[in-house]
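# Examination of the molecular architecture
Here's the letter readout for the chains.
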Amino acid sequence: MKEILTRIGLFALAVAPLAPLAQAHAQAPATPLQAALGDDVGTLSDKFTGLARVMAGKYDWKPGEGVRSVGDVFNLIVAENGILVGTLTGAGGGQGGRGAQVTDPEKLQEALKRSYANLQKAIAGLSDADLKAPVKLFGRDMTKEDAIRYILGDQHEHLGQSIAYARSNSVVPPWSK
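What this report covers is the structure whose coordinates are included nearby. These figures come from a predicted structure and were not determined experimentally.

### Re the nonpolar core
The tendency in soluble globular proteins is for nonpolar side chains to be buried as a group. Counting 36 residues, the largest nonpolar core has Phe48, Met55, Phe74, Leu88, Leu119 and Ile148 as its most contacted members. Breaking this core down by element, the ones donating at least two residues are helix H3 (32–54), helix H4 (70–89), helix H5 (105–124), strand S1 (134–137) and helix H7 (144–168). Counting residues per element, this core draws most heavily on H4, which supplies 8 residues. Apart from the residues lying within four places of it in its own chain, the contact partners of Met55 are Val70, Phe74, Tyr165, Ala166, Asn169 and Val171.

Listed below in structure tokens is the structure:
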């Protein structure tokens, strides 16, 4: 027993100097602002993917001419998330474009989930200083934090639009049941 305790003690002494190195490489915890923004992204993800699921089969529906269809709104959200991730990470200029429309319900739901997961990851990787860094989004100068708030505010409006589309089609949003 004494030999086992001695070996454990020697092992602990040998690895103790490595602890600060491991901590230095660990990702810094999210600030309260990052956490709040990440939570909002998670809520939007859950609601949009839920609506995309219950609105499957109605992606072509729109309330009138010249207005986005159900599927158009969901595809817009995916595109906005991609533009924002590019803006936050420097991988895109914040101008972006819309790719081909996804019409398959399962693929669109997956595209929504993936786009929000990428956005959460991009936000979590930002420091407080990063959030204050200047960027250009849709030709406008702003900070990264402003860009996040701008896109998420727009998406909350589209969430309301999507809820109205669901209700107009006698579809109850999943969280309202």
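### So, unusual backbone geometry
Even without being glycine, Phe138 reaches a positive phi, approximately 55 degrees. Looking at the secondary structure, you find Phe138 in the loop between S1 and strand S2 (140–143). Although it is not a glycine, Ser170 sits at a positive phi angle of roughly 60 degrees. Within the secondary structure, Ser170 is located in the segment after H7.

### Some points on the environment of Ala166
Residue position: Ala166 is located in helix H7. On the basis of relative accessible area, Ala166 is assigned to the buried category, the value being 0%. Through-space distance from the C-alpha of Ala166 to that of Trp61 is 9.9 Å; in sequence the pair is 105 residues apart. In this view, Ala166 contacts Leu51, Met55 and Val171; residues no more than four positions away in its chain are not counted.

### What about the pattern of salt bridges?
Per the stated rule, a full pass over the model turns up 4 salt bridges. The partner of Lys132 in a salt bridge is Glu145, with the nearest N and O atoms 2.5 Å apart. Taken together, the residues Lys132 in the loop between helix H6 (128–131) and S1 and Glu145 in helix H7 connect sequence positions 13 residues apart. Its relative accessible area of 54% is what places Lys132 among the exposed residues. Look at Glu145 and you get buried, because its relative accessible area is 11%. The partner of Lys136 in a salt bridge is Asp141, with the nearest N and O atoms 2.8 Å apart.

### Quick notes on H5
A rise of 1.5 Å per residue sets the reference length of H5, with its 20 residues, at 28 Å; its end C-alpha atoms lie 29 Å apart and thus fit the reference within 8%. Among all positions in H5, only Leu108, Gln109, Ala111, Leu112, Ser115, Tyr116, Leu119, Ala122 and Ile123 are buried. Angularly, the buried residues of H5 cover 160 degrees about the axis, an arc narrow enough to put them on a single face. Projecting away from the buried face of H5 at angles above 90 degrees are the exposed residues Glu106, Lys107 and Lys121. Measuring from the side-chain oxygen of the N-cap residue of H5 to the backbone nitrogen of Glu106 gives 3.3 Å; that N-cap residue is Asp104.

Rules and cut-offs
- Residues numbered from 1 in each chain as written.
- Predicted model: local features only at pLDDT ≥ 70, side-chain atom pairs only at ≥ 80, totals over all residues.
- Heavy atoms only, no water.
- Core = buried A, V, L, I, M, F, W, Y, C linked by side-chain atoms within 4.5 Å.
- Buried < 20%, exposed > 50% of the residue type's maximum accessible area, 1.4 Å probe, protein only.
- Helix = DSSP H or I, 4+ residues; strand = E, 2+ residues; numbered from the N terminus.
- Contact = heavy atoms within 4.5 Å.
- Salt bridge = Lys/Arg side-chain N within 4 Å of Asp/Glu carboxyl O.
- Expected span 1.5 Å × (residues − 1).
- Arc of directions from axis to C-beta.
- Polar contact = N/O pair within 3.5 Å; in protein donor to acceptor, adjacent residues only side chain to side chain.

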